[in-house]
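Summary of structural features
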Amino acid sequence: MLRDITIGQHFPGDSLVHKFDPRMKLVLTIVYIILLFAASNPLGLTLSILFLVAMYAVAKIPFKLITKSLKPILPIIIFTAVLNLFFVTGEGEPLVHFWVLNIYAEGLRYAILMAVRVMALIAGTSLLTYTTSPIVLTDAIEQLLKPLGKLHFPVHELAMMMSIALRFIPTLIEETDKIMNAQKARGAMLDNGSMMERVKALVPVLIPLFISAFRRADELAMAMECRCYRGGDGRTRLKVLRYTKQDYIDLAVCIACFAVILSSRLVFPNF
């Protein structure tokens, strides 16, 4: 299960999505997330998924990565769908009546739409990290937050911390998998027993994981200090972010697609 988590991983490529300016890519990802909630009707979600599938096809990212990235959060998706299924009421007679639980048509519809919305949200944000390296993503975040620097906001430090956090997610997942395998080899029962027994069995995993994380953080800080790293003003970059003509063309196409998705509210105005 841990190996299925692909958050923070980057897959180099030469597609239009990979070459797209990371600042625009980050902003469009945020807009896409907003659209998932603004146009949360059947037609809007269908168009959103079609747009996402097209982006994955253009980026040449295997579609199996979508299911792989969704597998770890499947319990959260099911839990969210079940809550909407049983707690959203509607008019008329319930479709299913069991004890004190009632399932209405509105609850069933909202449960399906909520599950699809969460899956599209995860897949959309994953595409950002799949096609953008952590270093470039750091520069994009810093450029977008640069106006806050006039208010003495630590823009560069914040961007660097976010980049390091994304960078070390795969590393920590791999470290957790190694620790769990080592504990299982020593006879630890991590997959058996009741829920409380499983939680207690995770203590021998969490303690060495925290120790390893703090050790890596200390080594990283020492390496940056030994190299006289100083961020912020005066720092040069190997690759300077510049908008190109292709970026504006891609931006216009994405805006047109988002406008079509948002117009679906005209078809389902009261949904």
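Residues numbered from 1 in each chain as written. Predicted model: local features only at pLDDT ≥ 70, side-chain atom pairs only at ≥ 80, totals over all residues. Heavy atoms only, no water.

**A word on helix α3 (residues 42–59)**
In this model α3 runs 26 Å from its N-terminal to its C-terminal C-alpha over 18 residues, within 8% of the 26 Å that 1.5 Å per residue would give. Those residues of α3 that sit buried are G44, L45, S48, F51, L52, Y56 and A59. Looking down the long axis of α3, one finds its buried residues gathered within 140° of arc, a one-sided arrangement. As for α3, its buried residues are in contact with α1 (16–19), α2 (22–38), α4 (64–70), α6 (105–131) and α11 (245–262). (Helix = DSSP H or I, 4+ residues; strand = E, 2+ residues; numbered from the N terminus. Expected span 1.5 Å × (residues − 1). Buried < 20%, exposed > 50% of the residue type's maximum accessible area, 1.4 Å probe, protein only. Arc of directions from axis to C-beta. Contact = heavy atoms within 4.5 Å.)

**What about the packing of aromatic side chains?**
Considering all chains together, one arrives at five aromatic pairs under this definition. Ring geometry for F51 versus F258: centroids 5.2 Å apart, planes at 65°, classification edge-to-face. Of the two residues, F51 sits in helix α3 while F258 sits in helix α11, which places them 207 residues apart along the sequence. For F258, a relative accessible area of 7% corresponds to the buried category. Just above the ring of Y243 sits the side chain of R23; from NZ or CZ to the centre is 4.0 Å. (Phe/Tyr/Trp six-rings, centres within 6.5 Å; stacked < 30°, edge-to-face > 60°. Lys NZ or Arg CZ within 6 Å of the ring centre and 35° of its normal.)

**What to know about the pattern of salt bridges**
The tally for this structure, following the rule as stated, stands at three salt bridges. The partner of D14 in a salt bridge is K19, and the shortest N-O contact between them spans 3.5 Å. For the salt bridge of E175 with R216, the shortest nitrogen-to-oxygen distance reads 3.2 Å. Here E175 is found in helix α8 (residues 155–185), whereas its partner R216 is found in helix α10 (residues 203–226), with 41 residues between them in sequence. (Salt bridge = Lys/Arg side-chain N within 4 Å of Asp/Glu carboxyl O.)

**Concerning the confidence of the model for the protein chain**
Mean pLDDT for the protein chain: 79, with 86% of residues reaching 70 or above. Averaged pLDDT values for the elements of the protein chain fall to 69 in strand β1 (residues 96–98) and rise to 90 in α11. (pLDDT = per-residue confidence, 0-100.)

**Describing unusual backbone geometry**
Phi at K60 is positive, roughly 60°, even though this residue is not glycine. Structurally, K60 can be placed in the loop between α3 and α4. Judged by its relative accessible area of 71%, K60 is exposed.

**Thoughts on helix α7 (residues 134–144)**
Of all the positions in α7, only L137, T138, D139, A140, I141 and E142 are classed as buried. Where the residues of α7 are buried, they touch α2, α6 and α8.

**Side note on the packing of α8 against α10**
The description of two helices packed together rests on the angle between their axes and the distance between the axes. The contact between α8 and α10 brings their axes to 10 Å, and the two run at 140°. As summarised for this structure, α8 and α10 are arranged oblique, according to the angle between their axes. Judged by the twist between their axes, the crossing of α8 over α10 is right-handed. From α8, I164, F168, T171, L172, E175, T176, I179, M180 and Q183 reach across to α10, where they touch P204, V205, P208, L209, S212, A213, R216 and L220. (Axes fitted to C-alpha atoms, helices over the stretch in contact; angles between N-to-C directions. Parallel < 35°, antiparallel > 145°, perpendicular 65-115°, else oblique. Left-handed = near helix turned anticlockwise from the far one by under 90°.)

**Examining the state of the cysteines**
Taken as a whole and assessed by the stated rule, the structure comprises zero disulfides. For C257, which is in no disulfide, the shortest distance to another cysteine sulfur is to C254 and amounts to 6.4 Å. Using a relative accessible area of 28% as the deciding quantity, one classes C257 as partly exposed. (Disulfide = S-S within 2.5 Å.)

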